[in-house]
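Commentary on secondary and tertiary structure
So the chains spell out like this:
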Amino acid sequence: MILLGAAAVVVIVAGMFWSSWLSGPLLLALVIVIAVYPVKTWLQSKGWPAWATVLSLIVVIYGSLLVLLVFLAASVSQLSALLAENSGKSQQLVNSVTAALQKVGVTPGQSASTAGSANLSKFADQIGAVLANVGSLLSSLVFILALMLFLTAESGGTARRMDMISRDRPHMVTALEGFVRGTRSYLVVTAVFGLIVAVLDTAALAIMGIPLAVLWGVLAFLTNFVPNVGFIIGLVPPALVALLLGGWQLALAVVVVYCVLNVVIQSLIQPRFVGDSVGLSATVTFLALLFWAWVLGPLGALLAIPMTLLIKAVLVDADPRAQWVEALLGAEPSAPKEKKVRRKHAGNGQRPETADVASTSAP
């Protein structure tokens, strides 16, 4: 049974890897529908017809993407102009790095190659290449939004479908409902903490005089949806710009500020709220990030938590015999209520009852 199950897992993962062009956008569309479905329900409660609610959601999503694209295009244009104006400083930085590498024993050819990779005048071209890939991804959002349109249009019959499933598999319905709640909680918690980090990063960069602070704040908000390593992605561009304009002291200040703000918020505070909302430990979250990024590509890193919640709902939550896996995947379990009550009494100077003492001393 173990070998058969392992072989089935390998076949399924290989199939998802080769069909990532479909499974990734499909899951993203599903997550979008789950996120916006409460808005559709609210509009319907106000008397809006079903077609109007679907059309309103599509307009809002398309409009938000259009505003984001326009903002990114304008910001990258300003960044390119900024780097072009400081191309001389970039060459001086490359020359200083080359000289420093030669002093520590690196050959001239190797030092020139290494320092050339740090040429910030090429940073705009690299950003443009990245945005070109993002642009191709956004162009594929037409397909994703088409999927979302169909899923949203058919979401009115979700309750009837769940009723049909509950007749034969009530645990599956409960598990899927838990997946929906967990996904919404994760999106809300991540968006709230991402907004906090974005505001703090933008204010800190503006105080230090880093250009395009709003752009880096938006980047910090978006990368917050990538668990564990997202803040590193958002740190690199402003640190490089600071290195170009103010030298290593300003770049070091940016790194320190990001580490203080983002590590404290995203690595210490946010995981506790995410763990409580989705029921996954920090270790499982990190491993899920690596696994789904390998299987689904960039979308896998973005959808690591929802995808893990879906797999957990189908394989663990839907089967009462597999509930023991919850103890391995979930966050740290809280202490039983009885122990908390006894601790509270002891803290108030009250002695526990005899039965409590006996139960506490029992092995």
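Residues numbered from 1 in each chain as written. Predicted model: local features only at pLDDT ≥ 70, side-chain atom pairs only at ≥ 80, totals over all residues. Heavy atoms only, no water.

What follows concerns the overall build of the chain. Secondary structure summary: the chain contains 17 helices and 0 strands in total. Within the chain, the fraction of its 363 residues that count as buried is 34%. Expressed as a percentage of contacts within the chain between residues at least 6 apart in sequence, the contacts between residues at least 24 apart total 71%. Accessible surface, the chain: about 21100 Å² in total, of which carbon and sulfur atoms supply 70%. (Helix = DSSP H or I, 4+ residues; strand = E, 2+ residues; numbered from the N terminus. Buried < 20%, exposed > 50% of the residue type's maximum accessible area, 1.4 Å probe, protein only. Contact = heavy atoms within 4.5 Å. Areas by Shrake-Rupley, 256 points an atom, 1.4 Å probe, with all protein chains shown as cover.)

Attention now moves to a nonpolar patch on the surface. Together, Trp248, Leu252, Val256, Val260, Val264, Leu268, Ile269 and Phe273 make up an exposed nonpolar region whose accessible area comes to about 770 Å². In this fold, Leu268 is placed in helix α11 (residues 230–278). (Patch = residues over 30% accessible without salt bridge, like charges linked within 9 Å, V, L, I, M, F, W, Y side chains within 5 Å. Salt bridge = Lys/Arg side-chain N within 4 Å of Asp/Glu carboxyl O.)

What follows concerns unusual backbone geometry. The phi angle at Leu212 is positive, at roughly 55 degrees, despite the residue not being glycine. Take Leu212: it is sitting in the loop between α9 (170–208) and α10 (213–223).

Here we take up the confidence of the model for the chain. On average, residues of the chain carry a pLDDT of 75, and 74% of them reach 70 or more. Segment residues 339–348 is flagged for pLDDT under 50; beyond a separation of four residues in sequence, or across chains, it makes 7 contacts in the model. Within the model, pLDDT remains below 50 along residues 351–363, and this stretch shows 4 contacts once partners closer than five positions in the same chain are excluded. (pLDDT = per-residue confidence, 0-100.)

As for its position among the elements, Asp201 is in helix α9. If we skip the residues at most four places from it in the chain, Asp201 touches Ala220, Tyr258, Leu261 and Asn262.

What follows concerns the packing of helix α3 (residues 50–85) against α10. Packing of α3 against α10 leaves a shortest axis separation of 10 Å and a crossing angle of 130 degrees. When the axis of α3 is compared with that of α10, the two are oblique. Our pair here, α3 against α10, has a crossing hand that is left-handed. From α3, Leu68, Phe71, Leu72, Ser75 and Leu79 reach across to α10, where they touch Val214, Leu215, Trp216 and Val218. (Axes fitted to C-alpha atoms, helices over the stretch in contact; angles between N-to-C directions. Parallel < 35°, antiparallel > 145°, perpendicular 65-115°, else oblique. Left-handed = near helix turned anticlockwise from the far one by under 90°.)

This part takes up the pattern of salt bridges. Should the charged atoms of two oppositely charged side chains come close, the side chains can pair. Per the counting criterion, the structure on display carries 1 salt bridge. A salt bridge links Asp317 to Lys312; the nearest nitrogen and oxygen atoms lie 3.3 Å apart. Residue classification places Lys312 among the buried residues on the basis of a relative accessible area of 9%.

Angle between the axes and distance between the axes are the two parameters that describe a pair of packed helices. One can describe the packing of helix α1 (residues 2–18) onto helix α2 (residues 20–45) by two numbers: an axis separation of 5 Å at closest approach and a directional angle of 85 degrees. As summarised for this structure, α1 and α2 are arranged roughly perpendicular, according to the angle between their axes. Judged by residue contacts, Met16, Phe17 and Trp18 of α1 engage Ser20, Trp21 and Ser23 from α2. Among the residues forming the contact of α1 with α2, the class breakdown is 4 nonpolar, 2 polar and no charged. (Nonpolar A, V, L, I, M, F, W, Y, C, P; charged D, E, K, R; others polar.)

A separate point is the nonpolar core. Met148, Val278 and Trp292 are the most contacted members of the largest nonpolar core, which totals 47 residues. For Val278, the contacting residues outside a window of four places in its chain are Gly182, Tyr186, Ile305 and Leu309. Leu72, Leu83, Ile210 and Leu235 belong to the second largest nonpolar core, which has 18 residues in total. (Core = buried A, V, L, I, M, F, W, Y, C linked by side-chain atoms within 4.5 Å.)

Going through the model one piece at a time under the given rule, you end up with 5 aromatic pairs. With a centroid separation of 5.4 Å and an interplanar angle of 85 degrees, the aromatic rings of Phe17 and Trp18 are classed as edge-to-face. Its relative accessible area of 32% is what places Phe17 among the partly exposed residues. Aromatic pair Phe291 and Trp292: ring centres 4.9 Å apart, planes at 75 degrees, arrangement edge-to-face. Ring pairing ties together the aromatic residues Phe17, Trp18, Phe291, Trp292 and Trp294, which thus form one cluster. (Phe/Tyr/Trp six-rings, centres within 6.5 Å; stacked < 30°, edge-to-face > 60°.)

Moving on to the environment of Ser20. Along the chain, Ser20 falls in helix α2. Sequence separation between Ser20 and Val295 is 275 residues; the distance between their C-alpha atoms is 7.1 Å. Among residues more than four places away in sequence, those in contact with Ser20 are Pro25, Val295 and Leu296.

With that out of the way, let us pick up the side chain of Thr285. Relative to the helices and strands, Thr285 is located in helix α12 (residues 282–296). If we ignore the near neighbours within four places in the chain, the residues touching Thr285 are Pro227, Asn228, Leu280 and Ile305.

What follows concerns the environment of Gly209. You can see Gly209 is positioned in the loop between α9 and α10. What makes Gly209 exposed here is its relative accessible area of 51%.

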